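# Residue-level structural notes
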Amino acid sequence: MLQTENKSNVYPGFAKIRDYEKFVGASVINNLELLASRLKGKTIQNINSTSVGGGVAEILNRMVPLLREIGVDTHWDVIKGGEQFFQVTKKFHNLLHGRQDLINAHDFEVFMHTTELNIEEMDIYGDIMFIHDPQPIGLIKKKYEDKNRKWLWRCHIDVSNPDQDVWCFLKKFIVKYNASIFSSPQFSQKLSIPQFLISPSIDPLSDKNRELDIQVIDDILNKYNIDKQKPMITQISRFDYLKDPVGVIDAYRLVKKYIDCQLILAGGTATDDPESVKVLAQVQEKAGNDPDIHILLLPAGSDIEINALQRAANVVIQKSIKEGFGLTVTEALWKAKPVVASAVGGIPLQIKHKFSGMLCHSVEGAAFAIKQLLHSPEYAKQLGLNARENVRLNFLLTRHIKDYLLLFLALYNSSDVVHL
Amino acid sequence: MSTLLIAKQPFCFYSRLILQELTGLKAVNLSQLLKYIREVPDAVIYYHTHRFLQQHIYLNPEPPNDFAYWVDDVLGVHDLAENLASIDTIQFFDINSLRQKIIYTIEQYLKANPRSIKRKANISEVFHFIKAISFVFRTGFVAYNLEEFISILKIITIESIYFHIFESRLRLGNTKTNDFSYWLGTSVNELELAKRLAKLDPYTHTMEDLRKSIVRLAYAYTQT
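The numbers attached to residues start from 1 for each chain and follow its sequence in the written order. Note on labels: chains are lettered from A, ligands numbered from 1, in written order. Local features in this predicted model are restricted to residues whose pLDDT is 70 or higher, and side-chain atom pairs enter the listing and the counts only when it is 80 or higher, whereas totals over whole chains, interfaces and linings include all residues. The basis for every side-chain value is the complete set of non-hydrogen atoms in the structure, without hydrogens or water.

## Brief notes about unusual backbone geometry
All names here are of chain A. Backbone geometry places Asp-133, a non-glycine residue, at a positive phi of 70°. The helix and strand labels rest on DSSP assignments: H or I over at least four residues marks a helix, E over at least two residues marks a strand, and numbering proceeds from the N terminus. As for its position among the elements, Asp-133 is in the loop between strand 4 (128-132) and strand 5 (150-154). Judged by relative accessible area, which is 9%, Asp-133 ranks as buried. For Ala-336, which is not a glycine, the phi torsion comes out positive at approximately 60°. Three labels apply to residues, based on accessible area from a 1.4 Å probe with only protein chains included: buried if under 20% of the type maximum, exposed if over 50%, partly exposed otherwise in between.

Set out below in structure tokens:
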């Protein structure tokens, strides 16, 4: 028998809603409270597959207590599954992302077997069921129990080019939901149910994003032997082909011909991803013995290090070949950094070319933009300031909460203009 | 001028928030863009002609609409982009008239430049049509005369000013002018000030500049 887990009362020491007022102003918080008051009497039940690790758990950990604080009766439950189930859902994840993996009829059987067990065990009590990602998607089979109950499916992953076998399998469940939510327009699919666009967000109070003392930044630069006097180009990302770290080195070398700069490539390794070891080896080989290329392997939980490296950078680069929403870009923009990033995934949602950063499509384009920014610090500064303001208005946690509250209200109103 | 004249009807400040709904419609070239601009609901046209203004309120003046931005930045058809960006939105009293002007602008361009139809966006840069669902609510601020009106304008949210200047007029068709001018003219009989505010082109201000301009005009009026 599977045990499900209720996460509703586990909120150790997170920020209060009014702590965000200094970033977004009192009116934004007032609006959240007003929207929350219109949801009085409604219970929101979030369900996902894990309470720790991963972006969804990170978001729910911060968002659920804030929703409860403003008066929305919000709960969070977690499905259970065995090792086999999670191996299958990992395959789903890879295949939905357009990566290669092998899947067969037995995998789908494993998925359905665990789904049926969760359907039996899971206590469904929300007025609005908020189901996150593919793992618990099959719980929609319980929709028949209460016709008034609303069901939402939140897709946190890039499904712009999904494997059709997996997508068609999931689609049979998705179309039974009242609505779906995607993080970027590029991820939307042809569906018979409404699809909403809700971007993810960053938390300005988290270790990765909060202000740091200059001494903390200096200490971290010293720790990694980085020369703080020399212009720094920084990419923070996993060592993954899709992040194109080798292309970043090529771009750096084009810039280096004209500007004496240094490159910082910092990211974690994924122990469950043998490919990352291969990519790292290629990056090291490409870097050769250039003392101005710093390849930093950061252990999990290096949030303050990442924060410091972003804050110390003169230009942040994100030369991804494919990207989800690109929250590392959001983090750099929030720190008012001039960013050069590929026009892929959710990045164009965050950067308007030459307004709030520079978009690129090639190594040469990236190098040209970096040179422009290093040669024009005033222009770079203005882009950074625009970028921070854009994030402040559109990509902080409070905007994310607002969108969810509006979404819940939209379930009970079908008009394009809703008078609250 | 009558700053203490009690209004026939008080001015209730409203505000609005929007939720974005994906339509699933995508354009890769000008003919598809034109096709969907003809077909989509008003709420989609509204979203794409005002999104930049709302999401980038710090970047003005002259925020491009999404169509102009995409045609310029992605398709590289700069002259059409300029024509689209310079459509004088303030001249239109409803979304459909604005839509017809956009359609006419693209049609004329395609007639004169048929080869431009071959320009295509790459897969990561297609145009996605999105709908704005607006949630309108009272802010609790109410003005009973011109002085109170000015005081509230100084502190009300940008979203509220946005609602009364842009959305109420164009999307909800509440008045032929902006809500502020309408109220000043009809409820407090300040016709001259109403006329001055109606002459403002809000599309060429940042939202904060717009607030300052309105306050400045109204304050100067009370001093005459």
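## Quick look at the sheet that holds strand 8 (residues 232-236) of chain A
Residues and elements named next belong to chain A. The pairing criterion is simple: DSSP has to find at least two bridges between the two strands. Taking strand neighbours across the sheet as the criterion, the six strands line up as 10-9-8-11-12-13 in an open arrangement whose pairing is parallel. One side of each edge strand has no neighbouring strand; the edge strands of this open sheet are strand 10 (293-297) and strand 13 (358-360). Pairs of neighbouring strands in the sheet enclose a mean axial angle of 20°, with direction left out of account. Inspection of the sheet shows strand 8 paired to strand 9 (residues 262-267) by five bridges, in the parallel sense. Angular values range over 0 to 180 degrees, each being the angle between N-to-C directions of two axes fitted as lines to C-alpha atoms, with helices fitted over their stretch in contact.

## Brief notes about the domain arrangement of chain B
Domain annotation for chain B reports domain 1 (11-16 + 140-223) and domain 2 (18-131). For the domain bounds, the source is a domain assignment made automatically or taken from a database. Taking only C-alpha atoms, the centre of domain 1 of chain B and the centre of domain 2 of chain B are 28 Å apart.

## Observations regarding the domain arrangement of chain A
Residues and elements named next belong to chain A. Split by domain assignment, chain A resolves into domain 1 (5-201 + 396-410) and domain 2 (214-394). Taking the mean C-alpha position of each, domain 1 and domain 2 sit 30 Å from one another. Contacts: residue pairs with any heavy atoms within 4.5 Å of one another. Contact with domain 1, which involves 18 residues of that partner, is made by 17 residues of domain 2. Counting the surface lost from both domain 1 and domain 2, the interface buries some 1,300 Å², and carbon and sulfur atoms represent 57% of this. By convention, the term buried area covers the 1.4 Å-probe accessible surface removed from two parts as they join, with the contributions of both added. Area buried by domain 1 at its contact with domain 2 is led by Phe-23, Pro-200 and Leu-396, which between them contribute 33% of it. Salt bridges are defined by distance alone: a side-chain nitrogen of Lys or Arg within 4 Å of a carboxyl oxygen of Asp or Glu. There are one salt bridge connecting domain 1 and domain 2. Residues Lys-322 and Asp-158 are paired through a salt bridge, measuring 3.6 Å at the closest nitrogen-oxygen approach.

## A closer look at the pattern of salt bridges
All names here are of chain A. Following the criterion strictly, the structure yields 32 salt bridges over all chains and no others. The partner of Arg-311 in a salt bridge is Glu-211, and the shortest N-O contact between them spans 3.7 Å. Here the residue Arg-311 occupies a position in helix 10 (residues 303-312), and Glu-211 occupies one in the loop between strand 7 (195-197) and helix 7 (214-223), the gap between them amounting to 100 residues. Overall, the relative accessible area of 15% leaves Arg-311 in the buried class. On the basis of relative accessibility, which here comes to 55%, the residue Glu-211 falls in the exposed class. Between Lys-223 and Glu-305 there is a salt bridge whose closest N-O contact spans 3.1 Å.

## Examining the packing of helix 2 (residues 26-37) of chain A against helix 15 (residues 397-410) of chain A
Residues and elements named next belong to chain A. Between helix 2 and helix 15, whose axes approach to 10 Å, the crossing angle comes to 25°. Taken together, the axes of helix 2 and helix 15 are roughly parallel relative to one another. Every pair of crossing elements has a handedness; the one defined by helix 2 and helix 15 is left-handed. Touching Val-28, Ile-29, Leu-32, Leu-35 and Ala-36 of helix 2 are Thr-398, Ile-401, Lys-402, Leu-405, Leu-406 and Leu-409, all from helix 15. Ten residue types, Ala, Val, Leu, Ile, Met, Phe, Trp, Tyr, Cys and Pro, are classed as nonpolar, four, Asp, Glu, Lys and Arg, as charged, and the remainder, Gly among them, as polar. Taken together, the residues that form the contact of helix 2 with helix 15 break down as nine nonpolar, one polar and one charged. Any angle between 65 and 115 degrees counts as roughly perpendicular, while under 35 counts as roughly parallel, over 145 as roughly antiparallel, and the rest as oblique. Left-handed describes a crossing in which the near helix is turned anticlockwise from the far one by less than a right angle; the clockwise case is right-handed.

## Quick word on the environment of A:Lys172
Residue and element names in this part refer to chain A. Relative to the elements of secondary structure, Lys-172 occurs in helix 6 (residues 164-174). Overall, the relative accessible area of 53% leaves Lys-172 in the exposed class. Counting along the chain gives 34 residues from Lys-172 to Gly-138, while the straight-line C-alpha distance between them is 9.4 Å.

## Digging into the pairing of strand 12 (residues 339-342) of chain A
All names here are of chain A. Neither face of strand 12 is open: one carries Val-339 and Ala-341, the other Val-340 and Ser-342, and all of them are buried. Summarising the sheet, strand 11 (residues 315-318) and strand 12 pair through three bridges and their orientation is parallel. Looking across to strand 12, one finds that Val-316 is bridged to Val-339. Handedness of a crossover is defined as follows: with both strands directed away from the viewer, a clockwise route from the first strand across the helix to the second makes it right-handed. Assessed by its sense of winding, the connection that carries the chain from strand 11 through helix 11 (residues 327-334) to strand 12 is right-handed. Bridge count for strand 12 against strand 13 is three bridges, and the pairing is parallel. Within the sheet, the bridge partner assigned to Val-340 lies in strand 13 and is Met-358.

## Comments concerning the packing of aromatic side chains
Residues and elements named next belong to chain A. When the centres of two rings from Phe, Tyr and Trp lie within 6.5 Å, Trp using its six-membered ring, the rings pair. Their planes under 30 degrees apart give stacked, over 60 give edge-to-face, and anything left gives tilted. Tallied over the full model, the rule gives 30 aromatic pairs over all chains. With a centroid separation of 5.8 Å and 40° between ring planes, the pair formed by Phe-92 and Phe-108 is classed as tilted. Of the two residues, Phe-92 sits in helix 4 (residues 83-96) while Phe-108 sits in helix 5 (residues 105-121), which places them 16 residues apart along the sequence. Each member of the pair Phe-92 and Phe-108 is classed as buried. Among the aromatic residues, those joined into a ring-pair cluster are Phe-85, Phe-86, Phe-92, Phe-108, Phe-111, Phe-169 and Phe-173.

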